[in-house]
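Geometric and topological summary
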Amino acid sequence: GYAREAATAVLSYARNTLRLVRIVAITGRSNDASRRLLEKLGFELERTIQFGTDGEELLLYANAA
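To keep things clear, this report deals only with the structure shown in the data block. (Residues numbered from 1 in each chain as written. Predicted model: local features only at pLDDT ≥ 70, side-chain atom pairs only at ≥ 80, totals over all residues. Heavy atoms only, no water.)

With that settled, consider the overall build of the protein chain. In terms of regular secondary structure, the protein chain is built from two helices and three strands. Tracing the protein chain from N to C terminus, the helices and strands come up as α-β-α-β-β. Seen through its C-alpha atoms, the protein chain measures out along the principal axes to roughly 35 × 25 × 20 Å. Taken across its 65 residues, the protein chain has 28% of its residues classed as buried. The long-range share in the protein chain, meaning contacts at least 24 apart out of those at least 6 apart in sequence, stands at 46%. Carbon together with sulfur atoms contributes 53% to the accessible area of the protein chain, which is approximately 4800 Å² in total. (Helix = DSSP H or I, 4+ residues; strand = E, 2+ residues; numbered from the N terminus. Buried < 20%, exposed > 50% of the residue type's maximum accessible area, 1.4 Å probe, protein only. Contact = heavy atoms within 4.5 Å. Areas by Shrake-Rupley, 256 points an atom, 1.4 Å probe, with all protein chains shown as cover.)

Glancing now at the nonpolar core. One finds Ala 7, Leu 11, Ala 14, Ile 23, Ala 25, Leu 37, Leu 38, Leu 41, Phe 43, Leu 59 and Tyr 61 forming the largest nonpolar core, which totals 11 residues. If you list the elements that add at least two residues to this core, you get helix H1 (2–16), strand S1 (22–28), helix H2 (32–40) and strand S3 (56–64). For this core, the leading source of residues is H1, giving three residues. (Core = buried A, V, L, I, M, F, W, Y, C linked by side-chain atoms within 4.5 Å.)

Okay, H1 next. In this model H1 runs 21 Å from its N-terminal to its C-terminal C-alpha over 15 residues, within 8% of the 21 Å that 1.5 Å per residue would give. Three or more residues of H1 are buried, namely Ala 7, Leu 11 and Ala 14. The buried residues of H1 all sit within an arc of 60 degrees when viewed along its axis, so they share a single face. Turned more than 90 degrees away from the buried face of H1, the exposed residues are Tyr 2 and Glu 5. Contacts made by the buried residues of H1 are with S1. (Expected span 1.5 Å × (residues − 1). Arc of directions from axis to C-beta.)

Take unusual backbone geometry next. Although it is not a glycine, Arg 19 sits at a positive phi angle of roughly 60 degrees. Along the chain, Arg 19 turns up in the loop between H1 and S1. By relative accessible area, Arg 19 is classed as exposed at 61%.

Where nonpolar side chains cluster on the molecular surface, the patch consists of Tyr 13, Leu 18 and Leu 20 and spans about 290 Å² of accessible area. Inspection of the secondary structure puts Tyr 13 in helix H1. On the accessibility criterion, Tyr 13 (47% relative accessible area) is partly exposed. (Patch = residues over 30% accessible without salt bridge, like charges linked within 9 Å, V, L, I, M, F, W, Y side chains within 5 Å. Salt bridge = Lys/Arg side-chain N within 4 Å of Asp/Glu carboxyl O.)

Geometric values such as these leave the question of function open.
Below, the structure is given as structure tokens:
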């Protein structure tokens, strides 16, 4: 859908124009749609992080170009 198209365009810009080598993404543990999209785009789960004052656990994904 639109999310995959948009994410693919952003990744292409990041790699080809900005020449970024490492790209990371953060999503909530319960956001299954975002996790699936990141995995389809080649991201791999790197670790769990805590963010914010409430200590919410988020998932950090990385994609090396």
